[in-house]
Each structure stands twice: as structure tokens, then as C-alpha cells.
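# Fold and geometry: a report
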Amino acid sequence: MTILAAARLLGQAQKIACLTGAGVSAESGVATFRDPQTGHWARFDPQQLASQAGFAADPGLVWRWYMERLLGVTQRAQPNAGHRALAEIEQMRPHFTLVTQNVDNLHERGGSQNVIHLHGEITRFHCNRCGRTHDLKEAEQTAAEPPRCTSCGGPVRPSVVWFGENLPLPAMNAAWQAAESCDLMLVVGTSGVVYPAAQLPFVAQERGAVVIDINPEPSPISEMATLYLPGPSGVILPQIISQMQEAGLGE
Ligand code: BJW
Ligand code: ZN
């Protein structure tokens, strides 16, 4: 019943914004951050691995952790049914904006055309001192220490957003615009605890949008959502699409 309600709401909405988090990639074998057993932060200290202070204290440790994750994402993980379903909704509905906190690029590999990356991309690199972007060869990526910048000699780092760092302004602006102007926000696989991204569903709701949350576990967003669909996104999203197609709600 709730699946049908979600299909109807998605089929009727004029402008849809979607916010995704690590949960959408969980079924691709990519670890989330806050799962109490398998999440990154269950085993590692975020301040040590995802902050300027951590990088300054031990650049090699941070570099190796990210490069291991990069290998996992590029060589092992494949987009799952949830990524593919979101790409399909983008094709079915005229105004659909996908905003992700994920750095793994699985949305693009799953067929999504326009993806706004709030927390950067693990496949890109820049100098931590001067900001110059770098393309790295495989040998540089698998080195034990971060490569040095060819312009200033500073350490190169993955182009992801660490705690205490500002989010990329163009992505922030685009995400805020999507949240303020949508009439439906679909939230998928985020714990909704990291700001400013977690603010987006509230921005949408304050402007009168319907909020649908898909997550096996309740979160602050499922509590405020118009519709909460408990379950894995790789199962729930394809079910919604089937209902949209059955009811002729896709066009
Ligand atoms: C499934 C599923 C399935 C599982 N299907 N679902 C106090 C109050 C408020 C804010 C702050 C504060 N103190 C500091 C701040 C600011 C801070 C913040 O929000 N901290 C809070 C944690 C307290 N934010 C920042 O620092 C941000 N910058 C900023 O605010 O700049 C201004 C500023 C400047 C100077 C000083 C202070 C502020 C930057 C945030 C950057 C976040 N970076 C990371 C790492 C990125 C790089 C990397 O990949 O390593 O981003 S942290 C990590 O969390 C990552 C994620 O994008 C982000 C969000 O996590 P997400 O995606 O929600 O994952 P999980 O694991 O939390 O949840 C997964 C969910 O999926 C769960 O709910 C599962 O149930 C679900 N799930 N299987 C569907 N099959
Ligand atoms: Zn530099």
C-alpha cells in the first residue's frame, strides 16, 4: 500500500529532488559509515581519517585508507538495483535532480545523467596546499604516501569533503535550489546526521514538499517524512517503479 502511495506521489510530482547517502551503495558491497558492525566509523576514528587534523598527523594512513576504498569502488563494486532504479526515475520524470553525499560514482555508473556531489568524489584528486587538481597514475595511487603536487610540493589528497571543510559551493547552491523548488523530495539511504546535507529534506518540507524516506532503519528524516518506507533501497525502489509503470504514472 505504501509502495503504491509512493508511486502515485512520484508519478504526480512536477519537480522531484532526491538525496542519497551511503545506504544506497550498501547492496553494492560498499561499507556505510555508521552501521554499528560494518560501518567505517565502527572501526576507525573519523577525526583521524576524515579531517585536516588527521591528514596532517598521518598523511600516509589517510592516503592508504582512501586508496583502499577507491580500489574497492572501482574494481569490485557494481551499481545495484537501487542505483539503476534512480536512473530510471530520472528518465521517467521530467524534472528530477539527484543530490548525493556518496563519493563512489556508482550513481553515474548505474545510469544517472546529472549527479550533484555534495561530498566530492573519491576518483578525483587535488593538492591540499594550493588546490591544483591532479590526474594520478595507478602507481601513484597505490603508493604508501600521498604524491606531491607538481606545482607547490604539497600533499595530494582525494577530492572528498572532510569534517570541518566547506562543501563545494556550486554543488551546495544546486542542492539548495533543488530542495527549495521541488514538490517532492525522495531521501534514500542516509542516517541524516551530517550537516548541511541533512538539512535538505527539512528545507523541502518547509516549502511544502512531500518527503519520502527509504531506509531499513528509522532516522530523524523518517520521523519527519510524509511517507517512510522501511527496507533496502535495492528492493523498494524497483517495486515503486513497477507500480508506476503498472499505473501508467511514468510519463
Ligand atoms: C540503507 C541500506 C540499504 C543501510 N538501503 N538504506 C554539531 C551539530 C551540527 C553540525 C555539526 C556539529 N559539529 C560539527 C558539525 C558539522 C559537521 C557535522 O554535520 N557533524 C555531525 C556528524 C555532528 N559537518 C561538516 O563538518 C561539514 N562541513 C561543514 O559543516 O562546513 C562548515 C563548517 C566549517 C568549519 C567548522 C564547522 C563547520 C562537512 C561534512 C563532511 C562529511 N564527510 C563524510 C566523509 C566524506 C569522504 C569519505 O567518503 O570518506 O561524508 S562523513 C560521512 O557521513 C560521509 C557521508 O557522505 C556522510 C553522511 O553519511 P550517510 O551517507 O548518511 O551514511 P551513514 O552510514 O551515516 O548512514 C547510512 C544509512 O543507510 C543508515 O541510515 C542505514 O540504515 C541505511 N542503509 N543499508 C537503504 N540497503
Ligand atoms: Zn599544490
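Report on the accompanying structure. (Residues numbered from 1 in each chain as written. Chains lettered and ligands numbered in written order. Predicted model: local features only at pLDDT ≥ 70, side-chain atom pairs only at ≥ 80, totals over all residues. Heavy atoms only, no water.)

With that out of the way, let us pick up the site of ligand 1. Every one of the 33 residues lining ligand 1 counts as a neighbour, but R34, Y66, T190, S191 and Y195 are closest to it. Separating a nitrogen atom of ligand 1 from a side-chain N or O atom of E27 is a distance of 2.8 Å. A distance of 3.1 Å is found between an oxygen atom of ligand 1 and a backbone nitrogen or oxygen belonging to Q101. Bound to the protein, ligand 1 loses 73% of the 1500 Å² it would expose on its own. Listing elements by their share of the shell around ligand 1, those giving two or more residues are α2 (23-26) and α6 (59-76). For the shell around ligand 1, the residue count by class is 16 nonpolar, 12 polar and five charged. Per-domain counts for the shell around ligand 1 show at least three residues from each of domain 1 (2-29 + 79-119 + 167-246) and domain 2 (39-76 + 124-160). (Near = heavy atom within 4 Å. Polar contact = N/O pair within 3.5 Å; in protein donor to acceptor, adjacent residues only side chain to side chain. Areas by Shrake-Rupley, 256 points an atom, 1.4 Å probe, with all protein chains shown as cover. Helix = DSSP H or I, 4+ residues; strand = E, 2+ residues; numbered from the N terminus. Nonpolar A, V, L, I, M, F, W, Y, C, P; charged D, E, K, R; others polar. Domains from an automatic or database assignment.)

Another point: helix α7 (residues 81-92). Between its first and last C-alpha, α7 extends 16 Å over 12 residues, near the 16 Å set by a 1.5 Å rise per residue. For α7, the set of buried residues is G82, H83, A85, L86, A87, I89, E90 and M92. Each element contacted by the buried residues of α7 is listed here: β1 (16-20), α2, β2 (96-100), α8 (106-109), β7 (184-188) and α13 (233-246). Residue N80 occupies the N-cap position of α7, its side-chain oxygen lying 2.6 Å from the main-chain nitrogen of G82. (Expected span 1.5 Å × (residues − 1). Buried < 20%, exposed > 50% of the residue type's maximum accessible area, 1.4 Å probe, protein only. Contact = heavy atoms within 4.5 Å.)

Here we take up the coordination of the zinc ion (ligand 2). Listed as protein donors to the zinc ion (ligand 2) are C127 (SG), C130 (SG), C149 (SG) and C152 (SG); their distances from the metal cover 2.3 to 2.4 Å. Between the four donor atoms coordinating the zinc ion (ligand 2), the angles at the centre fall across 97 to 117°, so the site counts as tetrahedral. Mapped onto the polypeptide sequence, the residues donating to the zinc ion (ligand 2) form the spacing pattern C-x2-C-x18-C-x2-C. Note that C130 is positioned in the loop between β4 (120-127) and β5 (133-134) and C152 in the loop between α9 (138-141) and β6 (156-160), a separation of 22 residues in sequence. What makes C130 partly exposed here is its relative accessible area of 41%. (Donors = N, O, S within 2.8 Å, 3.2 Å for Na, K, Ca; no water. Tetrahedral: all angles 85-135°; square planar, octahedral: opposite > 155°, others 65-115°.)

In this section: the layout of surface pockets. One number sums up the size of the second largest pocket: a volume of about 150 Å³. Contributing to the lining of the second largest pocket are G120, E121, R124, H126, R157, S159, V160, V161, E165 and N166. Taken together, the elements giving at least two residues each to the lining of the second largest pocket come down to β4 and β6. In terms of residue count, β4 provides more of the lining of the second largest pocket than any other element does, four residues in total. (1 Å grid on protein atoms, 1.4 Å probe; cavity = no way out; pocket = protein on both sides within 12 Å on 5 of 7 lines; lining within 4 Å. Points joined across faces, edges and corners; volume = space filled by probe spheres on them.)

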